[in-house]
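# Reading the structure
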Amino acid sequence: MQKESLNSDQMASKAQQIWAMLDDMAENDPAAYKKFIDQQMKEGRDNMTLPEPHMCVLVTMCTKPPKKLYINFCSWKRVPEPKTPQDPVPVTGIPITHEESQEGSFALTSVAFNPQVLEEYGHNAKNPVDGDTLIQLALDYIEAQCNVNVHRTYTVLSKDILFKGDFDHIRLQFKNVFKRKEPSSGEGREQEDVLGSIETENLLHQILNISGSQKISDKKTVNSVLQTNKDKKLIEEIKDIKLTTPKYSLETVNMKTEKHLVLKVELCNVNSVSQCELDISEDDVFLLVPGLYELKVKLPNCINDESAKAKFCKKTSTLTVTMPFKY
């Protein structure tokens, strides 16, 4: 079941309901209000964390000839944990890539789970059956999302080999995971948004759970506002968060004896460079402001990324990246 998109009037109405509830909570139950705000701040910090390697699993793809597929299992606080043991296990992942090594070619992908899930069912699972269940669920996810088939026998690599590939690049791919469109599924599997701290409906649930209230500000019952998906699944993918592409300009500037590319990005509602995650390579620039903006710019010339400089102007909320040409 896919949720209907809200128009501007509906969004404004829901925003007013939330603000009214928060105002009421702040006035009538300051302790609950503080608990709610602290919870949102913690979730915001969790959203800023990066995935960490947990273990690497080797399987074989059902191709001719068969091909090795290494799967990095990553721990990421941005992925929620199941609310109850009966709920599906949230997971997200990145596309399969094909790599070359001295031992020959192989395929590589990565999946991410909440740290609590991996602590219980991952490398150190007390019950081998639980560990096998998690791996089999990850294989289900990879087969459905990447349109591949894999053999269900696997090898968990030693604790000395927690991941395969360039993990910095893997983290960069995960940064895009919430923007990427969901692949269509031939099985017609329904996808449910599990980012409770971001979705309006779940935000309302949190406020009501903390305050103990049974009605919202306009006296409608909770069930008349909230939409729920009653279908049960063992595993589900996190849907994308649509981020805005900020306005920017890119021009070539002569500075002394060198040519530079100068990228200027307008970042309204950004107050500090610490809010920005910036990744500069020889031929592109990737900028992420969690919850607000995402920008990827392909550069027309190769630049010296080690000599690139970034400066943020608070007065104009503009980020300026200066990058000398690579000769």
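Keep in mind that what you see is a predicted model, and the values were worked out from it rather than measured.

### Overview of the overall build of the protein chain
Secondary structure summary: the protein chain contains 6 helices and 14 strands in total. When each of the 327 residues of the protein chain is scored for burial, the buried share is 39%. Sequence-distant contacts in the protein chain: of pairs separated by 6 or more residues, those separated by 24 or more amount to 63%. Here the protein chain has roughly 19,400 Å² of accessible surface; of this, 50% comes from carbon and sulfur atoms.

### Quick look at unusual backbone geometry
Cis geometry is adopted by the peptide bond preceding Pro65, which originates at Lys64 and carries an omega value of -5°. Inspection of the secondary structure puts Pro65 in the loop between strand E1 (52-61) and strand E2 (67-75).

### A few points about the sheet that holds strand E8 (residues 248-255)
Taken together, 4 strands build an open sheet; the order of strands is E8-E9-E14-E13 and the sheet is antiparallel. Two strands lie at the open edges of the sheet, namely E8 and strand E13 (309-313), each paired on one side alone. Across this sheet, the average inter-strand angle for adjacent strands is 20°, counted without regard to direction. Two elements, E8 and strand E9 (residues 258-266), share 8 bridges in a ladder whose sense is antiparallel. Note that in E9 the partner of Met255 across the bridge is Glu258.

### Topic: the pattern of salt bridges
Enumeration according to the criterion identifies 5 salt bridges in this entry. Glu52 is paired through a salt bridge with Arg171; the nearest N and O atoms lie 2.8 Å apart. One end of the pair, Glu52, is in strand E1; the other, Arg171, is in helix H5 (residues 167-175), and 119 residues separate them in sequence. Under the relative-accessibility criterion, Glu52 is labelled partly exposed at 41%. Note that Glu282 is salt-bridged to Lys326, the shortest N-O span being 2.3 Å. Residue Glu282 is located in the loop between strand E10 (277-280) and strand E11 (284-289), and its partner Lys326 is located in the segment after strand E14 (318-324); the two are separated by 44 residues in the primary sequence. Note on Glu282: relative accessible area 34%, which makes it partly exposed. Within this structure, Asp140, Glu143 and Arg152 form a network of salt bridges that share partners.

### Quick look at the sheet that holds strand E12 (residues 293-298)
Spatially, E10-E11-E12 is the arrangement adopted by the 3 strands of the open sheet, whose pairing is antiparallel. The two strands at the open ends of the sheet, each matched to only one other strand, are E10 and E12. Neighbouring strand axes in the sheet, compared pairwise and without regard to direction, differ in orientation by 5° on average. Bridge count between E11 and E12: 6 bridges; the pairing is antiparallel. For Phe286, the partnering residue across the bridge sits in E12 and is Lys296.

### Focus on the pairing of E9
Remember that side chains alternate between the two faces of the sheet whenever the strand is regular. A loop of 2 residues connects E8 with E9, the two strands running antiparallel in sequence, and Lys256 in this loop sits at a positive phi of about 55°. As paired strands, E9 and E14 are joined by 7 bridges and run antiparallel to one another. Considered in E14, the bridge of Lys264 is made with Thr320.

### Brief notes about the packing of aromatic side chains
For the structure shown, the criterion picks out 4 aromatic pairs. Taken together, a centroid distance of 5.4 Å and an interplanar angle of 90° make the contact between Tyr70 and Phe106 edge-to-face. Of this pair, Tyr70 sits in strand E2 while Phe106 sits in strand E5 (residues 104-113); the two residues are 36 residues apart in sequence, bridging distant segments of the chain. You can call Tyr70 buried: its relative accessible area is 11%. On the basis of relative accessibility, which here comes to 11%, the residue Phe106 falls in the buried class. For the ring pair Phe163 and Phe167, a centre distance of 5.1 Å and an interplane angle of 55° mean the geometry is tilted. For Phe163, a relative accessible area of 34% corresponds to the partly exposed category. Over the ring of Tyr70 we find Lys164, and its NZ or CZ is 4.8 Å from the ring centre.

### Here we look at helix H4 (residues 128-146)
End to end, H4 covers 27 Å across 19 residues, agreeing with the expected 27 Å (1.5 Å per residue, within 8%). Turning to H4, its buried residues are Gly131, Leu134, Ile135, Gln136, Leu137, Ala138, Leu139, Tyr141, Ile142, Glu143 and Gln145. The backbone nitrogen of Val129 has a side-chain oxygen 2.9 Å away, supplied by the residue at the start of H4, namely Asn127. Phi for Asn147, located one or two positions after H4, is positive at around 55°.

What counts as what
Residues numbered from 1 in each chain as written. Predicted model: local features only at pLDDT ≥ 70, side-chain atom pairs only at ≥ 80, totals over all residues. Heavy atoms only, no water. Helix = DSSP H or I, 4+ residues; strand = E, 2+ residues; numbered from the N terminus. Buried < 20%, exposed > 50% of the residue type's maximum accessible area, 1.4 Å probe, protein only. Contact = heavy atoms within 4.5 Å. Areas by Shrake-Rupley, 256 points an atom, 1.4 Å probe, with all protein chains shown as cover. Pairing = 2+ DSSP bridges. Axes fitted to C-alpha atoms, helices over the stretch in contact; angles between N-to-C directions. Salt bridge = Lys/Arg side-chain N within 4 Å of Asp/Glu carboxyl O. Phe/Tyr/Trp six-rings, centres within 6.5 Å; stacked < 30°, edge-to-face > 60°. Lys NZ or Arg CZ within 6 Å of the ring centre and 35° of its normal. Expected span 1.5 Å × (residues − 1). Polar contact = N/O pair within 3.5 Å; in protein donor to acceptor, adjacent residues only side chain to side chain.

Shape is all these values report; function is a separate question.
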